[in-house]
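# Structure at a glance
Each chain, written out:
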Amino acid sequence: MSDNYVPDQILGHADEADGIEEYDNRLPRWWLGLFLFTVAWSPVYAIHYHFIAHRSQAAEYEAEMAAAAERWPQMSAEDVAKMEVTEDVIAEGKAIYEANCVACHGADLHGGIGPDLTDSEWIHGGTRDDIIQTVTNGVADKGMPSWGPILGPEKVAKVAAFVHQAGGGQ
Ligand code: HEC
């Protein structure tokens, strides 16, 4: 900032910049003040965030997942494996089947786009565990979606129990 500063003087390089002209005015004091304040604030905030409050995205993610697990409890893989196949489980499985599977396997399980689930022919195995595996992972190159990430282990186990019972499970 030299003493011969005169505001609102055109710098005169429109020829280099497609006719766009420019001034070289001083920054407004309020703007400069705000800028210096943010510079001074950032180490304070960083030190507080990392070393005093010990916050991190990973910790926040874990806390949110823990809160969600409490609010919407999911059965663990072990609980699913031990799940007793009661009439209620079959009824819930039927509802899950009707909501997700009918389009390809038919309301009566006799197939359509997907194979018949009532015959005794199984491409990927007809035990309850086999069906859980197929439904969880899907068969990507044949058009069977992978339901594990969509339904979660509990619903997969329930729909598999229904298919196993209503179809020709082995
Ligand atoms: C977009 C169509 C589609 C939907 C929706 C779908 N499937 Fe499938 N499914 C298929 C196809 C296609 C196959 C055949 C895979 C192959 O040939 O390997 C298949 C295969 C299967 C098999 C294996 C059959 C065997 O003979 O081993 C099971 C079990 C099964 N599906 C269950 C389900 C369940 C339960 C749902 C609902 C949660 C579902 N499917 C939803 C298309 C679908």
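Structure's up top.
About the thresholds
- Residues numbered from 1 in each chain as written.
- Predicted model: local features only at pLDDT ≥ 70, side-chain atom pairs only at ≥ 80, totals over all residues.
- Heavy atoms only, no water.
- Helix = DSSP H or I, 4+ residues; strand = E, 2+ residues; numbered from the N terminus.
- Buried < 20%, exposed > 50% of the residue type's maximum accessible area, 1.4 Å probe, protein only.
- Core = buried A, V, L, I, M, F, W, Y, C linked by side-chain atoms within 4.5 Å.
- Contact = heavy atoms within 4.5 Å.
- Donors = N, O, S within 2.8 Å, 3.2 Å for Na, K, Ca; no water.
- Tetrahedral: all angles 85-135°; square planar, octahedral: opposite > 155°, others 65-115°.
- Near = heavy atom within 4 Å.
- Polar contact = N/O pair within 3.5 Å; in protein donor to acceptor, adjacent residues only side chain to side chain.
- Phe/Tyr/Trp six-rings, centres within 6.5 Å; stacked < 30°, edge-to-face > 60°.
- Lys NZ or Arg CZ within 6 Å of the ring centre and 35° of its normal.

### Brief notes about the environment of Phe51
Within the fold, Phe51 resides in helix α1 (residues 29–52). Judged by its relative accessible area of 61%, Phe51 falls in the exposed class. Remark: the alpha-carbon pair of Phe51 and Tyr61, spanning ten residues in sequence, is separated by 18 Å.

### Some points on the nonpolar core
If you look at the biggest cluster of nonpolar residues, it comprises 24 residues, and the most contacted ones within it are Tyr97, Val135 and Val163. Put simply, the parts of the chain that give this core at least two residues each are α4 (87–100), α6 (128–137) and α7 (148–166). Tallying contributions element by element places α7 first for this core, with eight residues. When residues no more than four places from it in sequence are discounted, the contact partners of Val135 are Met144, Pro145, Ser146, Trp147, Gly148, Val156 and Val159.

### Some words on the coordination of the iron atom of the ligand
Within the protein, His105 (NE2) and Met144 (SD) serve as the donor atoms for the iron atom of the ligand, at 2.0 to 2.1 Å. Its six donor atoms give the iron atom of the ligand angles of 87 to 179° at the centre, a pattern that matches the octahedral case. With His105 in helix α5 (residues 102–105) and Met144 in the loop between α6 and α7, the pair connects residues that are 39 residues apart, well separated along the chain.

### Topic: the site of the ligand
Taken together, 22 residues form the shell around the ligand, and within it Cys101, Cys104, His105, His124 and Met144 come nearest. Within the backbone of Ile123, one N or O atom sits 2.9 Å away from an oxygen atom of the ligand. Here an oxygen atom of the ligand and a side-chain polar atom of His124 are 2.6 Å apart. Secondary-structure elements contributing two or more residues to the shell around the ligand are α5 and α6. When residues of the shell around the ligand are assigned to their parent elements, the largest contribution, three residues, is made by α6.

### What about the packing of aromatic side chains?
As enumerated under the stated definition, the model contains five aromatic pairs in all. An aromatic cluster of three or more residues is present, and its members are Phe37, Trp41, Tyr45 and Tyr49. Taking the ring centre of Tyr5 as reference, the NZ or CZ of Arg26 above it sits at 4.1 Å.

### Description of the environment of His105
When its relative accessible area of 10% is taken as the criterion, His105 is described as buried. Spatially, the C-alpha atoms of His105 and Ala160 are 13 Å apart, while their sequence positions differ by 55 residues. In this view, His105 contacts Tyr97, His110, Gly111, Gly114, Pro115, Leu117 and Met144; residues no more than four positions away in its chain are not counted.

### A look at the side chain of Lys158
On the secondary structure map, Lys158 appears in helix α7. Once you skip the residues sitting within four places of it in the chain, Lys158 turns out to touch Met83, Val89, Glu92, Gly93 and Ile96.

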